[in-house]
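Residues per chain, in single letters:
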Amino acid sequence: MSTGLDKDTLILVLDTIRDFGADTMPDEYLIELDTNDEFPEHLVRRMLSELGVSLLFIEEEYGGMSAGTFDIYRVCELLARIDVGVATGVFATFLGSDPIVFGGTEEQKARWMGQIGEEGLLMAYGATEPEAGSDLASLRTTATRIEEDGQIVGYLLNGNKQWISNGGYADLYTILANAPGGPTWFVVDRDAEGFEKGKREDKHGIRASNTAALSLQDVRVGVDRIVGEEEGLGLVQAQAVFGYTRLMVAAFGLGAGWAALDRAIPYSTERIQGGAPLSEKQGYTHKLIVPHAVRLEAARAYMEETAMRIDDGEELLNTEGAIAKYMATVAGNAAAEDAIQALGGYGYTKEYMVEKIKRDVRITTIYEGTSEIMEMTIGRDRWQEHLKSRGAFYHDLGADLEKLALAQPNVGATAAALAHHAFAEMMEIARVQRLTRNQHVLFRLGELAATVECAGALARRAAAAERGELPDKADTRFDAEQLAAVSRVFAREAAAKAAYDGLRWVMGASAPGAVDAAALENAMALREIEQAQSGLIADMDAVADALYGRG
Ligand SMILES: Cc1cc2nc3c(=O)[nH]c(=O)nc-3n(C[C@H](O)[C@H](O)[C@H](O)COP(=O)(O)OP(=O)(O)OC[C@H]3O[C@@H](n4cnc5c(N)ncnc54)[C@H](O)[C@@H]3O)c2cc1C
């Protein structure tokens, strides 16, 4: 990996945050914050300044530590394991400063990033409005030029922002507003005249994070407050960081999902029902625990690949960020939901924490782009790839996985390859039949693309582990053999999903008789996909053994 912290520093950072979490945020305190709907401002500020978390995302030349995307993913996962609400307070500062980091002039970066680092400032990111959520382009906040002697000397900001994390507490805000030249980010101080913060929102979850509306009435800012000192760059600057920021929210889904499973797993070893611990009951583990661990790890594999690509200098990995966010947050939500089930009646009470984790992780499929917007982004982008490559995009990825399967037959690459080829066939029929006229089909393509690509990433990760070549900063919960079993389980799931869901949506969207279902099944290699399911239960047993430290 070309950038970021060295392994020892990353471990030190993670240990420091973990210890801080254990010392200052025991379960009882987190439950209290949740019940009282209280933002632990002092703890978030201590994390940012005393623990130096702010320094991670500030470049060395401005006094920071220049952590890489991979480092930030590991930190975000850990923060979410502690509490997604507290993590959101930290994340909002990352997010708030992102327009400056990616779009600011050198002078602006030196000024504000220096200040954020030195003073541990709390930031907020003000993009969303009452009527501009998923569709940011419809924002209504305005920035009117103030001109003197034909010179622009400043701007008056007017409008309302909605659902802003840290909204009631931040020291510094980045606010997106429509200037004459188009959407533009402005840096606004908390005590600027005419800038009001609404009362905290009473939320379903992440109640330890502050969310507030903002009102701007003739808030005057100087021209030096335009990020990048040029109007109209706002949406481009917002887009520029999606690959990176969505990976952070993906890490929240991953961390919270694992936090929930890591409560259910020990619980089930102690809880005796039907004469034995629940952990020994396959009907329990293979429904409530194993599939979630597998899906979370599939998302992790994709996140680690994407993080490495960003750290290696690839830009605008928005689709990859979307895939990571979509898969990890859906998996995190499902894991937390089933963790409640896994604890039975206890899971339904506050004391056991899983119901809080479930309410908290729920936000991750909404903020930083909803799951449906992710499906749209992924579906549209991969559709273009399919057309540009004349149908070769997923077949090529499948062929690479077949090569991998030849060299390393145990890592799930065979079924992952089948998943890619089946999906390529579905895309092609969708093209011939012009099925993406249906928005639902396009979104389902997005879902399937994300699933098959994660199967590929997980097979590659398991293969790297088998060769002893995982990146040194990678998570190592599973050893190589265990990871191979995890990968085989997910690859089978992805292949079955690509084939069965693919068939269903193609047939569902086509005119009667337009598609020969039997021919499509053949092209998708349905029979091979079914045969590839053989061994699934044994592999799930192996994953369960890994999770419970058995055998
Ligand atoms: C707790 C919390 C914290 C937040 N923090 C911040 C923050 O710090 N800064 C910030 O700027 N924003 C923040 N947000 C806002 C968040 O990013 C938005 O809520 C989110 O982007 C969705 O926008 P919306 O709420 O307007 O929903 P809408 O865009 O109205 O979406 C409603 C539903 O419609 C679906 N939908 C939307 N468009 C389409 C379409 N074209 N096709 C099909 N379906 C569609 C969505 O997926 C969703 O299911 C926060 C939100 C919450 C709840």
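Keep in mind it's a predicted model, so treat the numbers as computed, not measured.

Undergrad: What is the right way to read the overall build of the protein from this model?
TA: Along the backbone of the protein there are 21 helices and 9 strands. Seen through its principal axes, the protein has C-alpha atoms that stretch 75 × 55 × 40 Å. Out of the 551 residues in the protein, the part that is buried amounts to 59%. Long-range pairs, those at least 24 residues apart, make up 77% of the contacts in the protein between residues at least 6 apart in sequence. Accessible surface, the protein: about 22000 Å² in total, of which carbon and sulfur atoms supply 48%. Each charge class in the protein can be summarised by its mean position, and for the 53 positive and 85 negative side chains these summaries are 5 Å apart.

Undergrad: I tried to follow the pattern of salt bridges on my own but got confused; where do I start?
TA: Should the charged atoms of two oppositely charged side chains come close, the side chains can pair. Inspection of every chain in the model, using the stated rule, returns 45 salt bridges. The salt bridge involving arginine 359 is made with aspartate 34; its shortest N-O contact spans 2.8 Å. Of this pair, arginine 359 sits in helix α13 (residues 354-361) while aspartate 34 sits in helix α2 (residues 27-36), and the two are 325 residues apart along the sequence. Salt-bridge contacts for aspartate 262 lead to arginine 477; the nearest nitrogen and oxygen are separated by 2.7 Å.

Undergrad: Got a minute to help me understand the site of the ligand in this structure?
TA: In the region of the ligand, 20 residues are neighbours, and Tyr125, Thr128, Ser134, Thr370 and Glu372 sit closest. In this structure, threonine 128 approaches the ligand through a side-chain N or O atom, which is 2.7 Å from a nitrogen atom. Contacts to the ligand include glutamate 372, whose side-chain N or O atom sits 2.6 Å from an oxygen atom. Burial of the ligand by the protein chains amounts to 68% of its free accessible area of 970 Å². When contributions to the shell around the ligand are tallied by element, the ones reaching two or more residues are β3 (151-165), α14 (371-388) and α17 (439-466). Counting residues per element, the shell around the ligand draws most heavily on β3, at 3 residues. The class makeup of the residues in the shell around the ligand is 10 nonpolar, 7 polar and 3 charged.

Undergrad: Would you explain the packing of aromatic side chains in this entry?
TA: Two measures describe an aromatic ring pair: the distance that separates the ring centres and the angle between the ring planes. Tallied over the full model, the rule gives 15 aromatic pairs. Ring centres of tryptophan 258 and phenylalanine 478 lie 6.2 Å apart, and the angle between their planes is 50 degrees; on these two criteria the pair is classed as tilted. A residue pair is termed long-range when its members are at least 10 positions apart, and tryptophan 258 in helix α9 (residues 242-270) and phenylalanine 478 in the loop between α17 and α18 (480-509) qualify at 220 residues. Here tryptophan 258 falls in the buried class, since its relative accessible area comes to 0%.

Undergrad: Quick question: what am I supposed to make of helix α16 (residues 413-432) here?
TA: Residues three or four positions apart in an α-helix share a direction because the helix packs 3.6 residues into each turn. If you check α16, its first and last C-alpha atoms are 29 Å apart, about what 20 residues at 1.5 Å a residue would give, namely 28 Å. Buried residues dominate α16, accounting for 14 of its 20 residues. Looking one or two residues past α16, arginine 434 carries a phi angle of roughly 55 degrees, positive in sign.

Undergrad: I'm lost on the environment of arginine 461 in this one. Help?
TA: If you trace the backbone, arginine 461 turns up in helix α17. As a C-alpha pair, arginine 461 and leucine 483 span 22 residues in sequence and 8.2 Å in three-dimensional space. When near neighbours in sequence (up to four residues on either side) are disregarded, arginine 461 contacts Glu297, Arg300, Ala301, Glu304, Leu470, Ala474, Asp475 and Leu483.

Undergrad: Could you clarify how one ought to interpret the pairing of strand β2 (residues 142-148) in this entry?
TA: Regular strands place side chains that alternate from one sheet face to the opposite one. Where β2 meets β3, 7 bridges bridge the pair, whose relative direction is antiparallel. If you follow isoleucine 146 over to β3, its bridge partner there is glycine 154. What sits between the antiparallel neighbours β2 and β3 is a turn of 2 residues, in which aspartate 149 has the positive phi angle 50 degrees.

Undergrad: So what exactly am I meant to see when it comes to the side chain of glutamate 453 here?
TA: You can see glutamate 453 is positioned in helix α17. The class of glutamate 453 is buried, set by a relative accessible area of 6%. A distance of 2.7 Å separates polar atoms of two side chains, one belonging to glutamate 453 and the other to arginine 382. Leaving out residues up to four positions away in the same chain, glutamate 453 has contacts with Tyr302, Ile323, Arg382, Phe393, Tyr394, His420 and Arg460.

Criteria and cut-off values
- Residues numbered from 1 in each chain as written.
- Predicted model: local features only at pLDDT ≥ 70, side-chain atom pairs only at ≥ 80, totals over all residues.
- Heavy atoms only, no water.
- Helix = DSSP H or I, 4+ residues; strand = E, 2+ residues; numbered from the N terminus.
- Buried < 20%, exposed > 50% of the residue type's maximum accessible area, 1.4 Å probe, protein only.
- Contact = heavy atoms within 4.5 Å.
- Areas by Shrake-Rupley, 256 points an atom, 1.4 Å probe, with all protein chains shown as cover.
- Lys, Arg positive; Asp, Glu negative; His and termini not counted.
- Charge placed at Lys NZ, Arg CZ, Asp CG, Glu CD.
- Salt bridge = Lys/Arg side-chain N within 4 Å of Asp/Glu carboxyl O.
- Near = heavy atom within 4 Å.
- Polar contact = N/O pair within 3.5 Å; in protein donor to acceptor, adjacent residues only side chain to side chain.
- Nonpolar A, V, L, I, M, F, W, Y, C, P; charged D, E, K, R; others polar.
- Phe/Tyr/Trp six-rings, centres within 6.5 Å; stacked < 30°, edge-to-face > 60°.
- Expected span 1.5 Å × (residues − 1).
- Pairing = 2+ DSSP bridges.

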